Amino acid sequence: MNELSKYIALESISGKFYVDERGIMYHFEPSIDNDYVIEETECEYNYIFHTQKSIRTFIVPEGVIGFASEVLSYTRVVEKFELPDGLLFIGNTSNQKYDSCCVFANCILPSVTVPENVKVLGLYAFGHSHIDTLKLPNSIRSPYLRQFKDSHIGTLMIPSEWKNFLDISKHNGFNHLMSVSNDESCGFLCWHSTAIDKLIFY
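Residues numbered from 1 in each chain as written. Predicted model: local features only at pLDDT ≥ 70, side-chain atom pairs only at ≥ 80, totals over all residues. Heavy atoms only, no water.

Asker: I would appreciate a short explanation of the pattern of salt bridges in the present structure.
Answerer: Any two side chains of opposite charge can pair, given that their charged atoms come close. For the structure shown, the criterion picks out seven salt bridges. One salt bridge in this structure joins Arg22 and Asp20, with 2.6 Å as the shortest N-O distance. The exposure class assigned to Arg22 is partly exposed, which follows from its relative accessible area of 37%. The class for Asp20 is buried, based on a relative accessible area of 7%. Each member of the salt-bridge network shares a partner with another, and the members are Asp33, Arg56 and Glu79. (Salt bridge = Lys/Arg side-chain N within 4 Å of Asp/Glu carboxyl O. Buried < 20%, exposed > 50% of the residue type's maximum accessible area, 1.4 Å probe, protein only.)

Asker: In this structure, what is going on with the side chain of Ser54? I would like to understand it.
Answerer: Locating Ser54 in the fold gives a position in strand 5 (residues 48-59). A distance of 2.7 Å separates the side chain of Ser54 from the side chain of Glu39, its partner in a polar contact. When neighbours within four sequence positions are excluded, Ser54 is seen to be in contact with Asp35, Tyr36, Val37, Glu39, Thr75, Arg76 and Val78. (Helix = DSSP H or I, 4+ residues; strand = E, 2+ residues; numbered from the N terminus. Polar contact = N/O pair within 3.5 Å; in protein donor to acceptor, adjacent residues only side chain to side chain. Contact = heavy atoms within 4.5 Å.)

Asker: Got a minute to help me understand the pairing of strand 5 in this structure?
Answerer: Side-chain positions along a regular strand alternate between the two faces of the sheet. Two strands pair when backbone bridges link them, and strand 4 (residues 37-44) and strand 5 are joined in this way by six bridges, in the antiparallel orientation. The partner of Thr41 across the bridge, within strand 5, is Thr51. Sheet topology places strand 5 next to strand 7 (residues 75-82); six bridges connect them, and they run parallel. Bridged to Ile55 within strand 7 is Val77. (Pairing = 2+ DSSP bridges.)

Asker: Even after reading the chapter, I still don't get the pairing of strand 3 (residues 24-30), so can you show me in this structure?
Answerer: Where strand 2 (residues 15-19) lies against strand 3, five bridges are found, and the strand directions are antiparallel. Bridged to Gly15 within strand 3 is Pro30. The turn linking strand 2 back onto strand 3 is made up of four residues, and Gly23 within it adopts a positive phi angle of 100°. When strand 3 meets strand 6 (residues 66-67), the two strands line up parallel, connected through two bridges. Counted as the bridge partner of Ile24 is Gly66 from strand 6.

Printed below as a string of structure tokens:
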């Protein structure tokens, strides 16, 4: 029996996304004109970001609510990275009933917008990745799981409600964001060793 036959196939222009009955994605099969190219890419910033393959787009369809571990690790997305509005979490916390970490770790990504429904960014969700532009919603209530450990973000866009809860420090010539409060009325993340070029409140 085909291993993928136990999953439901959802499609976008990027390819087929195989999910279980809950909507957790376990496998991605790119479309013919969006196939993986095996190539090693390096970006040198505060760390060296190294990927093993590239793909043109990664556009996730509605129906996917979460991801299994490392679904797109060590990959450069060249043109478009898009998550569905119905997405609920990226990675797990200890009270969830499945194990998922490093979902988009070790990646080089273009613009990333985390949908408004997402409340959880799990362990090393974007760990050791380079992201050109990252926009976060004010819905996030993640525990401190080092979501962006050793990552580099070109432009970080975060809700203005978070302004009084964050501070920027410099380390080795790079800007780093620090949480100065664990107040649950504000989204909070672990920003240790995350370099940020530009911070925008919206």
